[in-house]
Amino acid sequence: MKFELAPSSAASLLLSVLSPPISLIRSYPISSFLASLVLIPLLVVVTAALGFLSIATWRYISLHILATDMYSHFPRPARTDRYPLLTGNLGHIRKAPPVEGHLAFQRELNTKVYVYRGLFYSPRLMIGDAKAMLHLLSAANSYNYEKPSSTRLVLKNFLGEGVLVAEGDVHKRQRKILQPAFNVGAIRELNPIFMRYSRDLVEKIGQMVDRSSSEKEAVNGITKPFVAQSKYSQNVSRPGAPVIDIGWWCTRAALDIIGDAGFGYHFEALKVDVDPSLVVKRAGDELGDAFNTLFKLTLKIDIFRFLQLYLSNFRLLKWVDSIPNKRKRATESAYGELEKVSMRIVERKKKEIRNEMQAEVEARGSSKTANGFTKADFDEKESSSMTGSTPGKDLLHLMMRANMAADVSPREKLDDAELIGQITTLLIAGHETTSNQTAWTLWLLAQQPETQQKLRAEIHDHFGKGMERDPNYDELMSMPYLDAVCKESFRVKSAVPSTIRVAKTSATIPLSKPYPTRDGKSTFNSVHIPAGREIIIPISAINLDQEIWGSNAADFVPERWLDLPASAKHNGLPMHLMTFISGPRGCIGNRFALAEFKAMLCHLVGNFHFETVADWKVEAKQTAVIRSRVIGQEDVGPQMPLRVSRITT
Ligand code: HEM
């Protein structure tokens, strides 16, 4: 028997259900309107939350009960988080030190290819196989694996429309304009900037070391504090050997470097006085102020803001991002300020380049106008300036020149918003990465005095015991032990330990060898990934792979680079490392980073001796890059305190 409501009875039922709210709205129109402003979004959010939970439940059932999930036969960790439908295994990954979460699963499952669970029990593929990664990151395939849209939304909030956020054709176009600025020739020209700020850094540290030995008027034998020195570090400082947050100082040097080498801007971050009572805020440093605010906000994304961005990712929930909140307002205002200053820099550069070209036209007696300069004209001008008559150009200058060439079609050019996006991107991507890498390297060297001394001996052989002259770019690149120390540090302490992609269309990723299925009874040679699924790019896990680097893969051993094992020599990765990933989405700043890193290390190790503080345990914390903090001194926040003294010649 079929039971149906007659249309008239259905309508009357609907009316009877709706009549109480309708009469309520009629009686209290204003209050009802105000209530609806809260209730309707709340209803949508609750519905969305229920929707996500239903999806998570379905994923759980299809994996554990029906075994219809396509990854059912893949190894997976035995234990999930306390609320698996919400966070899958993410809690475990987040709680463990960087990389350790992934490596622990790898050890537990005895394989490098497995699937764990992310937000709302979504599957995340983990493939710790270098050949698979090379395939995925190659020119042919990398545009099929995009950054997740939630990650891009978060990044876009801080960085604007830069190359780190762009995808597909927009990315190709931006990268083409940016690339010439990062070529070897361009980076070589930046060497004097790397040297200048490395020397400034040495001068600041030298001031603290010298003052610590002369300030004997100190209370109870403790010298006066230095700027950015915690009370803990002050308490254990000794005359001539203070404990200094070396990470803080390297970050200031790196900011000065990226400001000057990036777009000719002088942050003067190292101009700070080492005496905290004399630290004055520099007037008119709008870019520095806006950047600092924005940068602090990137370090702490609160859960509400993250959810807001995550939800606004879905078409029906786009409006969620317009809900006002303090953090959103702060970010927007800091970004707005940064945008204004960056726009002024862009305008100034445009004028500078036009004038430069006009002068060239006049010098050549050509009939061409500055606006008619082609890429070839720019290259010709570049080669004549390489003779040393003009100083090296900053990255933005080179980028904008490439952008302004008359034979670059308007469709290929970057608009002003995109140019500004590159400034913010270079600021964020280009300074905390290298400064953290340098700080971690000094910590590694502080634990191995013989390695530190061996590096110092090579530096002194080249530049004298008192660092009498600055290294030039080619010398820096050809010092074998310095190179070995830098690469080994990139390997064991990658500033970016992993990243993530989502497959745009379904694809099959080949593996270098067969990997075992979950029951161990069979193997698979490739992994099929459907559209929309997430895949981890396990940078550090591959850098620490024992199959490539041997049983001491976890140890810091620069000597291994002087006689690379065949498995590393032929792994096909740039510099044999995953640190900068590879392909069209690989780090565009890798040469810049290496030259800057070597310059700072050379000057620091050439001038000072670094020691760890007895009984202080430094731990790595995962934020956008890996930062360090001391256990028991969490109130200080990220820091890398090392005891520094002058080397005795
Ligand atoms: C130790 C230093 C550095 C490390 C370990 C590092 C690592 C990385 C990694 C892993 C990526 C890929 C991120 C992803 O796609 O998810 C990346 C991208 C990028 N890096 Fe670096 N980086 C370093 C220094 C620098 C410097 C100094 C600059 C600029 C001067 C820079 C600029 C960029 C840019 C613009 C991208 C985006 C490239 C693109 O998507 O086309 N990086 N970096």
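Bear in mind the structure is a predicted one, so any value in this text is a computation, not a measurement.

With respect to the overall build of the protein
Of the regular secondary structure elements, the protein holds 25 helices and twelve strands. In terms of C-alpha radius of gyration, the protein reaches 28 Å, essentially the compact-globule figure of 26 Å for 649 residues. Overall, the C-alpha framework of the protein stretches about 100 × 70 × 60 Å when taken along its three principal axes. Sequence separation of at least 24 residues holds for 73% of the intrachain contacts in the protein that already meet a minimum separation of 6.

Considering the sheet that holds strand S4 (residues 243-245)
Judged by pairing direction, the sheet is antiparallel, and its three strands sit side by side in the order S4-S12-S9 without closing on themselves. Each edge of the sheet is formed by a strand with only one pairing partner; in this case those strands are S4 and strand S9 (608-611). Geometrically, the sheet is characterised by an average inter-axis angle of 45 degrees between neighbouring strands, direction not taken into account. Here S4 pairs with strand S12 (residues 641-646) via three bridges, running antiparallel. Each residue of the ladder has a partner; that of aspartate 245, found in S12, is proline 641. Contacts between helix H10 (residues 191-214) and the sheet are confined to S4, S9 and S12, with S12 contributing the most and set at about 85 degrees to the helix.

Notes on the pairing of S9
Residues Phe608 and Phe610 line the buried face of S9, whereas the alternating positions His609 and Glu611 sit on a face that is not buried. The pairing of S9 with S12 spans four bridges and is classified as antiparallel. Across the sheet, histidine 609 pairs through a bridge with serine 645, a residue of S12.

Some details on the coordination of the iron atom of the ligand
Among protein residues, the single donor to the iron atom of the ligand is Cys587 (SG), with a metal-donor distance of 2.3 Å. Here cysteine 587 shows up in the loop between helix H24 (566-569) and helix H25 (590-607).

Digging into the sheet that holds strand S3 (residues 145-146)
With mixed pairing, the five strands of this open sheet are ordered in space as S1-S2-S8-S5-S3. Bordering the open sheet on either side are strand S1 (113-117) and S3, each of which pairs with just one other strand. Where S1 meets strand S2 (residues 123-127), five bridges bridge the pair, whose relative direction is antiparallel. Looking at S2, one finds that arginine 117 is bridged to proline 123.

Here we look at a nonpolar patch on the surface
Together, Leu13, Leu14, Val17, Leu18 and Ile22 make up an exposed nonpolar region whose accessible area comes to about 450 Å². By the secondary structure assignment, leucine 18 is in helix H1 (residues 7-27). Note on leucine 18: relative accessible area 39%, which makes it partly exposed.

So, the pairing of strand S6 (residues 507-516)
Pairing of S6 with strand S7 (residues 523-529) involves six bridges; the strand directions are antiparallel. What sits directly across from threonine 508, in S7, is histidine 528. Two successive antiparallel strands, S6 and S7, enclose a turn made up of six residues, where glycine 520 displays a positive phi of approximately 75 degrees.

Details of the domain arrangement of the protein
Along its sequence, the protein is carved into domain 1 (30-57), domain 2 (84-141 + 499-578) and domain 3 (184-492 + 589-646). Centre-to-centre, using C-alpha coordinates, domain 1 lies 39 Å away from domain 2. At the interface, four residues of domain 1 touch four residues of domain 2. Viewed at the interface, domain 2 and domain 1 are joined by zero salt bridges. The tally of links between domain 1 and domain 2 comes to zero residue pairs in polar contact (both at pLDDT 80 or more). Of the residues assigned to the side of domain 1 that touches domain 2, the class counts are three nonpolar, one polar and no charged.

Topic: the nonpolar core
Nonpolar side chains in soluble globular proteins tend to end up buried together. One finds Ile127 and Ile205 to be the most contacted residues of the largest nonpolar core, which totals 159 residues. In terms of residue count, the dominant contributor to this core is helix H18 (residues 416-447) (13 residues). What isoleucine 127 contacts, discounting residues up to four positions off in sequence, is Lys112, Val113, Ala132, Met133, Ile509, Leu511, Val527, Ile535, Ile536, Pro538 and Ile542. Membership of the second largest hydrophobic core comes to ten residues, among which are Ala48, Phe52, Phe120 and Tyr121.

Re the UniProt feature "binding site: heme" (unreviewed entry) in the protein
Under the present numbering, the feature "binding site: heme" (unreviewed entry) in UniProt falls on Cys587. When residues no more than four places from it in sequence are discounted, the contact partners of cysteine 587 are Arg175 and Phe580.

A look at the packing of H18 against helix H19 (residues 449-463)
Between H18 and H19, whose axes approach to 5 Å, the crossing angle comes to 115 degrees. In this view, H18 runs roughly perpendicular relative to H19, as classed from their interaxial angle. For the pair formed by H18 and H19, the contact residues are Leu445, Ala446 and Gln447 on the first element and Pro449, Thr451, Gln452 and Leu455 on the second. Among the residues forming the contact of H18 with H19, the class breakdown is four nonpolar, three polar and no charged.

Re the site of the ligand
Around the ligand sit 31 residues, and of these His171, Arg175, Thr499, Arg501 and Cys587 come closest. One of the side-chain N or O atoms of lysine 147 is found 3.4 Å from an oxygen atom in the ligand. Note that an oxygen atom of the ligand is positioned 2.9 Å from one of the side-chain N or O atoms of arginine 585. Put simply, the parts of the chain that give the shell around the ligand at least two residues each are helix H8 (168-178), H18, strand S5 (499-503) and H25. Residue contributions to the shell around the ligand peak at seven residues, all from H18. In terms of residue class, the shell around the ligand is built from 17 nonpolar, ten polar and four charged. Taken domain by domain, the makeup of the shell around the ligand includes at least three residues from each of domain 2 (84-141 + 499-578) and domain 3 (184-492 + 589-646).

Quick notes on the UniProt feature "transmembrane region" (unreviewed entry) in the protein
When the UniProt feature table is mapped to this numbering, "transmembrane region" (unreviewed entry) covers residues 37-61. Secondary structure across residues 37-61 divides into 100% helix and 0% strand, with the first and last C-alpha atoms of the span separated by 37 Å.

Here's the deal with the environment of leucine 442
By secondary structure assignment, the location of leucine 442 is in helix H18. Residue class for leucine 442 comes out buried when judged on its relative accessible area of 0%. Considered as a pair, leucine 442 and leucine 601 are 159 residues apart in the sequence and their alpha carbons are 8.1 Å apart.

What about the packing of helix H12 (residues 246-263) against H18?
Look at H12 against H18: their axes get within 8 Å of each other, and the N-to-C directions meet at 145 degrees. Two packed elements cross with a definite hand, and for H12 against H18 that hand is right-handed. Between H12 and H18, the contacting residues are Ile246, Gly247, Cys250, Thr251, Ala254, Leu255, Ile258 and Phe263 on the first element and Ile423, Leu426, Leu427, Gly430, His431, Glu432, Ser435, Thr438, Ala439 and Leu442 on the second.

A look at unusual backbone geometry
Although it is not a glycine, methionine 467 sits at a positive phi angle of roughly 50 degrees. Structurally, methionine 467 is set in the loop between H19 and helix H20 (473-477). When its relative accessible area of 2% is taken as the criterion, methionine 467 is described as buried. Phi is positive for aspartate 615, close to 70 degrees, though the residue is something other than glycine. Within the fold, aspartate 615 resides in the loop between S9 and strand S10 (618-622). Judged by relative accessible area, aspartate 615 falls into the exposed class, the value being 81%.

Thresholds, definitions, all that
- Residues numbered from 1 in each chain as written.
- Predicted model: local features only at pLDDT ≥ 70, side-chain atom pairs only at ≥ 80, totals over all residues.
- Heavy atoms only, no water.
- Helix = DSSP H or I, 4+ residues; strand = E, 2+ residues; numbered from the N terminus.
- Rg over C-alpha atoms; globule rule 2.2 N^0.38 Å.
- Contact = heavy atoms within 4.5 Å.
- Pairing = 2+ DSSP bridges.
- Axes fitted to C-alpha atoms, helices over the stretch in contact; angles between N-to-C directions.
- Buried < 20%, exposed > 50% of the residue type's maximum accessible area, 1.4 Å probe, protein only.
- Donors = N, O, S within 2.8 Å, 3.2 Å for Na, K, Ca; no water.
- Patch = residues over 30% accessible without salt bridge, like charges linked within 9 Å, V, L, I, M, F, W, Y side chains within 5 Å.
- Areas by Shrake-Rupley, 256 points an atom, 1.4 Å probe, with all protein chains shown as cover.
- Salt bridge = Lys/Arg side-chain N within 4 Å of Asp/Glu carboxyl O.
- Domains from an automatic or database assignment.
- Polar contact = N/O pair within 3.5 Å; in protein donor to acceptor, adjacent residues only side chain to side chain.
- Nonpolar A, V, L, I, M, F, W, Y, C, P; charged D, E, K, R; others polar.
- Core = buried A, V, L, I, M, F, W, Y, C linked by side-chain atoms within 4.5 Å.
- UniProt positions renumbered as here; feature names shortened; annotations may be inferred.
- Parallel < 35°, antiparallel > 145°, perpendicular 65-115°, else oblique.
- Near = heavy atom within 4 Å.
- Left-handed = near helix turned anticlockwise from the far one by under 90°.

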